[in-house]
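# Descriptive analysis of the structure
Single-letter residue listing:
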Amino acid sequence: MRTLDPLLDPFTIKGLRLRNRVVSTSHEPAYAEGGLPRERYLAYHVEKARGGVGLTMIGGSAVIARDSPPAFGNLELHRDEIVPWMRRLTDAVHEEGAAVMCQVTHLGRRTSNYTGDWLPTVFPSPLREPAHRAFPKAAEAWDLDRIVEDYVSAAQRCVEGGLDGIELQSYGHLLDAFLSPATNHRDDEWGGSLEHRMAFPRRVIRAVRAALGPEPVLAIRMSMDEDRPDGLQREEALTALRAFTQDGVDLLSVIKGTIESDATLARVIPSMGTPSAPFLDFAGEIRREVDIPVMHASRISDAATARHAIRDGLLDLVGMTRPQMADPYLVAKIAAGEEDRVRPCVGANYCLDAIYASGDAKCLHNAATGRELTLSHVVPPAPVRRKVVVVGAGPAGLEAGKVLGERGHDVVVLEADDLPGGQVKLASRPGRRRDLVGVVDWRVSELKHTGVDLRLGVFAEVETVLAEEPDVVIVATGGMPNHDFLLEGAGLVRDTWDVMSGEVREGGSVVVYDDNGAEPGVDAAELLAGRGARVEFVTPERMIAPLVGGMNSPAYLRAFDEHDVAVTLATRLVGVTRHPEGGLVARLRHDYSGAETERRVDQVVVEHGTLPLDDLYHQLVPLSVNAGAVDHDALLAVQPQLIGVEHAPAREPAPVLVEVGATAPPGAPPASPAALPPEVVSLPSGPTSGFQLFRIGDAVASRNIHAAIYDALRLCLAI
Ligand SMILES: Cc1cc2nc3c(=O)[nH]c(=O)nc-3n(C[C@H](O)[C@H](O)[C@H](O)COP(=O)(O)O)c2cc1C
Ligand code: SF4
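An account of the accompanying structure is given in this report. (Residues numbered from 1 in each chain as written. Chains lettered and ligands numbered in written order. Predicted model: local features only at pLDDT ≥ 70, side-chain atom pairs only at ≥ 80, totals over all residues. Heavy atoms only, no water.)

### Let's talk about the overall build of the protein chain
The helix and strand tally for the protein chain stands at 23 helices and 27 strands. A compact globule built from 719 residues should have a C-alpha radius of gyration of about 27 Å, and the protein chain, at 28 Å, falls within 12% of that. Expressed along its principal axes, the backbone C-alpha trace of the protein chain runs to roughly 85 × 65 × 45 Å. By the burial criterion, 61% of the 719 residues in the protein chain qualify as buried. Taking the intrachain contacts of the protein chain between residues at least 6 apart in sequence as the baseline, contacts between residues at least 24 apart amount to 70%. Accessible surface computed for the protein chain: about 27500 Å², of which carbon and sulfur atoms make up 52%. One finds the centroid of the 72 positive side-chain charges in the protein chain at a distance of 3 Å from the centroid of its 100 negative side-chain charges. (Helix = DSSP H or I, 4+ residues; strand = E, 2+ residues; numbered from the N terminus. Rg over C-alpha atoms; globule rule 2.2 N^0.38 Å. Buried < 20%, exposed > 50% of the residue type's maximum accessible area, 1.4 Å probe, protein only. Contact = heavy atoms within 4.5 Å. Areas by Shrake-Rupley, 256 points an atom, 1.4 Å probe, with all protein chains shown as cover. Lys, Arg positive; Asp, Glu negative; His and termini not counted. Charge placed at Lys NZ, Arg CZ, Asp CG, Glu CD.)

### Quick notes on the sheet that holds strand 27 (residues 692-695)
Backbone-to-backbone hydrogen bonds pair the strands of a sheet. The strands run either parallel or antiparallel. The sheet built from five strands is open, its strands ordered 15-14-13-16-27 with parallel pairing. Two strands lie at the open edges of the sheet, namely strand 15 (453-456) and strand 27, each paired on one side alone. Averaged over all pairs of adjacent strands, the angle between their axes in this sheet comes to 15 degrees, without regard to strand direction. In the sheet, strand 14 (residues 410-415) pairs with strand 15 via four bridges, with the strands oriented parallel. From the neighbouring strand, Val 412 faces strand 15, where its bridge partner is Asp 453. (Pairing = 2+ DSSP bridges. Axes fitted to C-alpha atoms, helices over the stretch in contact; angles between N-to-C directions.)

### With respect to the site of ligand 1
Ser 26, Ser 61, Tyr 171, Arg 299 and Arg 322 are the nearest of the 23 residues found near ligand 1. Between ligand 1 and the protein, one listed contact pairs an oxygen atom with a backbone N or O atom of Thr 321 at 2.8 Å. Within the side chain of Arg 322, an N or O atom sits 2.7 Å from an oxygen atom of ligand 1. Summarising the interface, the protein chains cover 97% of the accessible area of ligand 1, which totals 610 Å² for the free molecule. Contributing elements (two or more residues each) for the shell around ligand 1: strand 4 (55-63), helix 11 (321-326) and helix 13 (350-358). Classifying every residue of the shell around ligand 1 gives 10 nonpolar, nine polar and four charged. (Near = heavy atom within 4 Å. Polar contact = N/O pair within 3.5 Å; in protein donor to acceptor, adjacent residues only side chain to side chain. Nonpolar A, V, L, I, M, F, W, Y, C, P; charged D, E, K, R; others polar.)

### Quick notes on the packing of aromatic side chains
Tallied over the full model, the rule gives six aromatic pairs. On the numbers, 5.4 Å between centres and 55 degrees between planes, the contact of Tyr 114 with Trp 118 is tilted. The residues Tyr 114 and Trp 118 share a single accessibility class, namely exposed. Among the aromatic side chains, those forming a connected cluster through ring pairs are Phe 178, Trp 190 and Phe 200. Of note, Arg 432 hangs over the ring of Tyr 556, and the distance from its end group to the ring centre comes to 4.6 Å. (Phe/Tyr/Trp six-rings, centres within 6.5 Å; stacked < 30°, edge-to-face > 60°. Lys NZ or Arg CZ within 6 Å of the ring centre and 35° of its normal.)

### Notes on the nonpolar core
Ranked by internal contacts, the top residues of the largest apolar core, which has 96 residues, are Phe 200, Met 222, Met 224, Leu 252 and Leu 315. Other than its neighbours up to four places away in sequence, Phe 200 contacts Leu 144, Ile 147, Val 148, Leu 174, Leu 175, Phe 178 and Trp 190. Counting 45 residues, the second largest nonpolar core, distinct from the first, contains Leu 364, Ala 400, Val 444 and Leu 717. (Core = buried A, V, L, I, M, F, W, Y, C linked by side-chain atoms within 4.5 Å.)

### Some words on the side chain of Asn 626
Mapped onto the elements of the fold, Asn 626 is located in the loop between helix 21 (615-620) and helix 22 (632-636). If near-sequence neighbours (up to four positions away) are discounted, Asn 626 is found in contact with Ile 643, Phe 691, Gln 692, Leu 693 and Phe 694.

### Quick word on the site of ligand 2
Taken together, the neighbourhood of ligand 2 is formed by Arg 322, Met 325, Cys 345, Val 346, Gly 347, Ala 348, Asn 349, Tyr 350, Cys 351, Cys 363, Leu 364 and His 365. Mapped by element, the contributors of at least two residues to the shell around ligand 2 are helix 11 and helix 13. Residues of the shell around ligand 2, tallied by class, amount to eight nonpolar, three polar and one charged.

### Some remarks on helix 13
Every buried residue of helix 13 is accounted for by Cys 351, Asp 353, Ala 354 and Ile 355. Where helix 13 ends, the next residue or the one after it, Gly 359, has phi of about 95 degrees, a positive value.

### Overview of the side chain of Arg 714
Note that Arg 714 resides in helix 23 (residues 705-716). Excluding its chain neighbours within four sequence positions, the residues that come into contact with Arg 714 are Leu 375, Leu 635, Leu 636 and Val 638.

### Observations concerning the packing of helix 3 (residues 141-160) against helix 6 (residues 199-212)
Packing of helix 3 against helix 6 leaves a shortest axis separation of 9 Å and a crossing angle of 30 degrees. Comparing their axes, helix 6 and helix 3 come out roughly parallel. Viewed along their axes, helix 3 and helix 6 form a crossing whose handedness is right-handed. On helix 6, the residues touching Leu 144, Asp 145, Ile 147, Val 148, Tyr 151, Val 152, Ala 155, Gln 156 and Val 159 of helix 3 are Phe 200, Arg 203, Val 204, Ala 207, Val 208, Ala 211 and Leu 212. (Parallel < 35°, antiparallel > 145°, perpendicular 65-115°, else oblique. Left-handed = near helix turned anticlockwise from the far one by under 90°.)

### Brief notes about helix 19 (residues 519-530)
For helix 19, with 12 residues, the first-to-last C-alpha span of 16 Å sits near the 16 Å given by 1.5 Å per residue. Counting buried residues in helix 19 gives nine out of 12 residues, a clear majority hidden from the surface. Here the buried face of helix 19 lies against helix 18 (496-500), strand 19 (509-514), strand 20 (534-538), helix 20 (553-562) and strand 25 (603-607). Following helix 19 by one or two positions, Gly 532 has its phi on the positive side, about 100 degrees. (Expected span 1.5 Å × (residues − 1).)

### Some thoughts on the pattern of salt bridges
Opposite charge on two side chains makes pairing possible when the charged atoms of those side chains draw close. Scanning the entire structure with this criterion turns up 53 salt bridges. Residues Asp 80 and Arg 157 are paired through a salt bridge, measuring 2.8 Å at the closest nitrogen-oxygen approach. With Asp 80 in the loop between strand 4 and helix 2 (82-95) and Arg 157 in helix 3, this pair connects stretches of sequence that are 77 residues apart. Using a relative accessible area of 55% as the deciding quantity, one classes Asp 80 as exposed. Residue classification places Arg 157 among the buried residues on the basis of a relative accessible area of 12%. Two residues, Arg 307 and Glu 339, come together in a salt bridge whose shortest N-O distance is 2.7 Å. Taken together, the positions of Arg 307 in helix 10 (residues 303-311) and Glu 339 in the loop between helix 12 (330-335) and helix 13 put the pair 32 residues apart, joining distant regions of the chain. For Arg 307, a relative accessible area of 14% corresponds to the buried category. (Salt bridge = Lys/Arg side-chain N within 4 Å of Asp/Glu carboxyl O.)

### Quick notes on the pairing of strand 5 (residues 99-105)
The buried fraction of strand 5 amounts to seven of the seven residues, a majority that puts the element mostly inside the structure. By the alternation rule, side chains of strand 5 split into Ala 99, Met 101, Gln 103 and Thr 105 and Val 100, Cys 102 and Val 104, which are all buried. Inspection of the sheet shows strand 4 paired to strand 5 by six bridges, in the parallel sense. Residue Val 63 lies in a different strand from strand 5, and its bridge partner there is Thr 105. For the crossover from strand 4 across helix 2 to strand 5, the handedness is right-handed. As defined by bridge partners, strand 5 adjoins strand 8 (residues 165-170) across four bridges and the pair is classed as parallel. Along strand 8, the bridge assignment pairs Val 104 with Leu 168. (Right-handed = clockwise from strand over helix to strand, strands pointing away.)

### Some remarks on the sheet that holds strand 9 (residues 217-223)
Pairing within the closed barrel is parallel, and its eight strands lie in the order 3-4-5-8-9-10-11-12. Adjacent strand axes in the sheet meet at a mean angle of 25 degrees when their direction is disregarded. Where strand 10 (residues 251-255) meets strand 11 (residues 294-296), three bridges bridge the pair, whose relative direction is parallel. In the strand pairing of strand 11, Val 254 is matched with His 296. Each of strand 4 and strand 5 touches helix 2; the most contacted strand, strand 5, lies at about 145 degrees to it. Lying on the sheet, helix 6 is in contact with strand 8 and strand 9; it crosses strand 9 at an angle near 155 degrees.

Functional significance is not addressed by these values, which are geometric in nature.
Written out as structure tokens, the structure reads:
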């Protein structure tokens, strides 16, 4: 049956009927527990199925052998225990109407020699992978024999696990390494001519096809042009694919490029600041050349582009993987005619970088992703409507307003600035990072949908807040750049906010001192250098911006190279003075040798995070029923905050004393002094206005966008 929207047209591959054309392609968010797809993994995929996806693919790079140890939290398909877990997951996904497949692989050298069982990694030739740094051994005949068997056993487990099919990974792992002349330098029967290079993948495909039986779909995700002069070229790739099709492959997922380094991976999975759908036309050209259905994913972030891909015959199935990490209800919203309400994937690639930085994938601006077991993507209505004042319309305040509005509360968001967005406004100024503004724009638009009263240009004071007679006040006032760390000259320096807002003179010589390690320091250096300044980037770290991961650092490193930014590591800025003949002197001290040096420059720009703008909060603390205290146990369990609530006289000022720790309300979890911020351990006595008070985001401490949004979501889901 055809629908009016080509994206929603069903599609059949062999006997497998997909309810629409949208796929969540294979990706490993590192949600496996002990190598198995347990509750968290299941909940993550079931949520997408509820959200309408046609086909969800689990197990990005699920590993088939012990000498292919998990490199990024991968599922372990070489273990029999995985079968019942897969079965639970596939049953649950099927119940929601979606199909489910698993990507299956031997990682080859794309892992570490120093993890799992510490077995040597194998590859066609002993070539090191830059990204994971393994020096592999050249695979011997017995290695190839046992690896084929491992593929077969893994495929059988997938069948027993109830999957609708499997996808072989063939870009950057073992199979394609044999195919590519760049990585296969062998002169035996497995190397040399194309026929020899494709012999090992063909052997695997035939064996896997036989193990699967005729029904389940066998897909291959394959680089159809490695985009490197010594690599696999399109014509050879097409020849190989035709052979693979004869061997039993049913579906092609098109990749262009390679992934052996941060730089090349960042091209295959492009971030913000790159063109939309960069390889879609290429995938369309491949589709015209092959006889099996074709799918493809790479920054097809909006429904219009995805629709074009299907309507104009470029693809049969369209991958929207990060877009569904940002909004698992993407398809449901499209189907409901609410495309404008889809939370946009802004291409921050925090999801990928978070795997290495904090152990698992997190969407920059959807804190529920991967946390489905505790945080709901669909905001439930509140049992009682309350009046809530949110102060500040940065990411934390906007998220709070959005969630509270969806819960049906009467919400006012007060923002001192004429525009919402807080620090995100500044961060999204450079062209390359403009898409970040989606974090703000989408929330502002959601506030309108839920009837939240956003008042801009209102500097909130205690009286402003009290005039609203709130039941709950949430302070999300953010912070201001921290200059306090300097021993001298704090008044002489500029900060990264000044750079981003265009208040720093262009040109001249500048020291950019970064003691934060995240994006603001490198953003400022890139911006200044791009506008003609001679920039020296100084940091006490042992690398530049350690909090900027492998997916985002390539763009900064390219810019640093392009604009000749000098880098000085392991060095602190101690102080800044005026030079008698003009300009400034930056005094630097090497962290290890202690040696001091000086730089005479025109300007010094510092980045040391922010200090909370918390005056209003502290003024409100003695007036609130909970003295700003947060019950961490309740917060983490997404349960209502009860500290002091029974003292709240429902909107009327009342002379109630609350002694935190001494008179915690009956039934409320104890307000342990150790768990509370120091300023609320003992409460000043005085009248309260009957409201609960909370603060979130950088108004508490300098942190990133995800932390601010997470603060807001888990608190407000229980208000
Ligand atoms: C967290 C994360 C992990 C990924 N892991 C894999 C993987 O293991 N195997 C794979 O083929 N692709 C992997 N990918 C790539 C995605 O399948 C997809 O190709 C990529 O995100 C580009 O598509 P998109 O722009 O629709 O997100 C991963 C992507 C993300 C975001
Ligand atoms: S972190 Fe960024 S790239 Fe990843 S899903 Fe979220 S918005 Fe998209």
